[in-house]
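# Coordinate analysis (summary)
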Amino acid sequence: MHLLKLESIQKLNAKDKTATLSNISFELEKGEILALSGDQDSGVSTLIRGILGLENFDSGKLFFSGPNLGKLTIKRPKIGVVFQDFALFPNLTILENVKFGLKGSKQEVEQKALACLKWLGLDNLSDKYAEEVTVEDRFRTALARAMAPQPQLLVLSAPFSQLRAMYKHDLIAESRQCLKKAGMSVLVETGDSAVAMAISDRLAVFHKGYLQQIDTPQNIYQRPLNSYVANFFGKRNEILATATDDGFYTSFGFIDDERSKVFNNKVKINFRPEEIKVKKGLRQALIGTVRQCSFYGDHQLVALEDDLGKSILVKSSPNKVFTIGSNVFFTLRSFKVEDAF
């Protein structure tokens, strides 16, 4: 059952009347975490502002489920928001921040706020001020404040961008677990593809105001609908090949594959850096020259070049040693084929 439904949403730029959002349609299911992601001019921020009622759309329909979660209505439900800068009150304690906006008797408000702090592991910091706690605990406080009134919809507006890198992964996992246990319906606005994949049940990718693809993170990463979506989640290698009855001839060598029989002439071979397996010998392998190595701790990315100067990236073990200028043999664990023209 969906909580939010958008139909053919359109938003025009006030200055030049170009489309900021074009024909956007999707649904948010009850209890679902849906990430909206894209680059700077994707239109996601405008879409979020429209959903929150801070901007008007020029055309299209926006519906929410009513109190019984059955009937659609244009009336906005109670929406909780966690902003990018957390928007905490510096003159209030952690507990007082969470209590802000809660309704009920003094005792009821106190109990609700304390319960929410305990839920997020903040009960031992209730009397601290925002400047006295870590940025991660400020995020938890903002999340607790947004969740405390039990909104029907929760919007996270790029709050993970403030977190320190060494804690971000764990806090994203912690937040997802907390939101799923609470059964919250959540929209996550983020330009960070790693955050979008890690926190969401489904992921919507936007580019220049158009919805490119909406699906599970796994399907979007493994089966992107176009090059923009594919490369938004990390480099995807693409090489030209000639299809014959025997396989594909590429500038890195020959690929023996029966799929070549259904293609005519030029094709594109698409594969991720992690789908390359480095080999010790030439048997049934492709070959490239090492041009660059970039170390990332748990892995390294190696740039291999063919005789024509075409480069691909290989994701390899951090312990493997590559020498610049040396030749490397490799095979493809899996790849996708499409017509080049």
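Here, every reference points to the structure presented above.
Now for a description of the structure that goes with this document. (Residues numbered from 1 in each chain as written. Predicted model: local features only at pLDDT ≥ 70, side-chain atom pairs only at ≥ 80, totals over all residues. Heavy atoms only, no water.)

## What to know about the overall build of the chain
The helix and strand inventory of the chain stands at eight helices and 20 strands. Along the first, second and third principal axes, the C-alpha atoms of the chain reach 75 × 45 × 40 Å. Taken across its 341 residues, the chain has 46% of its residues classed as buried. Relative to all contacts within the chain whose residues are 6 or more apart in sequence, the contacts with residues 24 or more apart total 65%. For the chain, the exposed surface amounts to about 17900 Å²; the carbon and sulfur share of it is 49%. Counting 45 positive and 39 negative side-chain charges, the chain places the centres of these two groups 3 Å from one another. (Helix = DSSP H or I, 4+ residues; strand = E, 2+ residues; numbered from the N terminus. Buried < 20%, exposed > 50% of the residue type's maximum accessible area, 1.4 Å probe, protein only. Contact = heavy atoms within 4.5 Å. Areas by Shrake-Rupley, 256 points an atom, 1.4 Å probe, with all protein chains shown as cover. Lys, Arg positive; Asp, Glu negative; His and termini not counted. Charge placed at Lys NZ, Arg CZ, Asp CG, Glu CD.)

## Considering the pattern of salt bridges
In the structure shown here, the tally under the stated rule is 14 salt bridges. For Glu-110, the salt bridge is made with Lys-99, and the minimal N-O distance between the two is 3.0 Å. In this pair, Glu-110 sits in helix 3 (residues 106–119) while Lys-99 sits in helix 2 (residues 94–99), placing the two residues eleven residues apart along the sequence. For Lys-99, a relative accessible area of 23% corresponds to the partly exposed category. Arg-164 serves as the salt-bridge partner of Glu-136, at 2.5 Å between the closest nitrogen and oxygen. Of this pair, Glu-136 sits in helix 4 (residues 135–147) while Arg-164 is found in the loop between strand 7 (153–157) and helix 5 (165–182), placing the two residues 28 residues apart along the sequence. On the accessibility criterion, Glu-136 (5% relative accessible area) is buried. By relative accessible area, which is 37% here, Arg-164 ends up partly exposed. When salt bridges with common partners are traced through the structure, they connect Lys-11, Arg-49 and Glu-55 into a single cluster. (Salt bridge = Lys/Arg side-chain N within 4 Å of Asp/Glu carboxyl O.)

## Some details on the sheet that holds strand 16 (residues 286–295)
Spatial strand order, 15-19-16-17-18: five strands in an open sheet with antiparallel pairing. The strands lining the two open edges of the sheet, one partner per strand, are strand 15 (276–279) and strand 18 (311–316). Direction aside, the axes of adjacent strands within the sheet are offset by 50 degrees on average. (Pairing = 2+ DSSP bridges. Axes fitted to C-alpha atoms, helices over the stretch in contact; angles between N-to-C directions.)

## Quick word on the nonpolar core
Residues Leu-143, Leu-154, Leu-156, Phe-160 and Leu-179 are the most contacted members of the largest nonpolar core, which totals 46 residues. Sort the elements by how many residues they give to this core and helix 4 lands first, with seven residues. Apart from the residues lying within four places of it in its own chain, the contact partners of Phe-160 are Phe-139, Lys-168, Ile-172, Ser-175, Val-188, Val-195 and Ile-199. (Core = buried A, V, L, I, M, F, W, Y, C linked by side-chain atoms within 4.5 Å.)

## Digging into helix 4
Given 3.6 residues per turn, any residue in an α-helix points the same way as the ones three and four places further on. Taking 1.5 Å as the rise per residue, helix 4 with 13 residues should run 18 Å; its terminal C-alpha atoms sit 18 Å apart, in good agreement. Counting buried positions along helix 4 yields twelve of 13 residues, so the element is predominantly enclosed. Along helix 4, the residues classified as buried are Val-135, Glu-136, Asp-137, Phe-139, Arg-140, Thr-141, Ala-142, Leu-143, Ala-144, Arg-145, Ala-146 and Met-147. Looking at the buried side of helix 4, the elements it contacts are strand 6 (79–82), helix 2, helix 3, strand 7 and helix 5. (Expected span 1.5 Å × (residues − 1).)

## What to know about the packing of aromatic side chains
The relation between two aromatic rings is expressed through the spacing of the ring centres and the mutual angle of the planes. Tallied over the full model, the rule gives nine aromatic pairs. For the pair Phe-139 and Phe-160, a centre-to-centre distance of 5.1 Å together with 45 degrees between the ring planes defines the contact as tilted. Linking Phe-139 in helix 4 with Phe-160 in the loop between strand 7 and helix 5, this pair joins segments that are 21 residues apart in sequence. As far as the burial class goes, Phe-139 and Phe-160 line up, both buried. Ring plane angle 70 degrees and centroid distance 6.0 Å describe the contact between Phe-252 and Phe-330, whose orientation is recorded as edge-to-face. One end of the pair, Phe-252, is in the loop between strand 12 (248–250) and strand 13 (253–255); the other, Phe-330, is in strand 19 (residues 327–332), and 78 residues separate them in sequence. (Phe/Tyr/Trp six-rings, centres within 6.5 Å; stacked < 30°, edge-to-face > 60°.)

## Observations regarding the sheet that holds strand 12
Here five strands make up an open sheet; going across it, the order is 13-12-11-14-20 and the pairing antiparallel. Across the chains shown, the open sheet's two edge strands, defined by having one partner strand only, are strand 13 and strand 20 (336–339). For this sheet the average axis-to-axis angle between neighbouring strands, irrespective of direction, equals 35 degrees. Taken together, the seven bridges between strand 11 (residues 237–243) and strand 14 (residues 265–271) define a ladder with antiparallel strand orientation. Considered in strand 14, the bridge of Glu-238 is made with Asn-270.

All quantities given are derived from atomic positions and should not be read as evidence of function.
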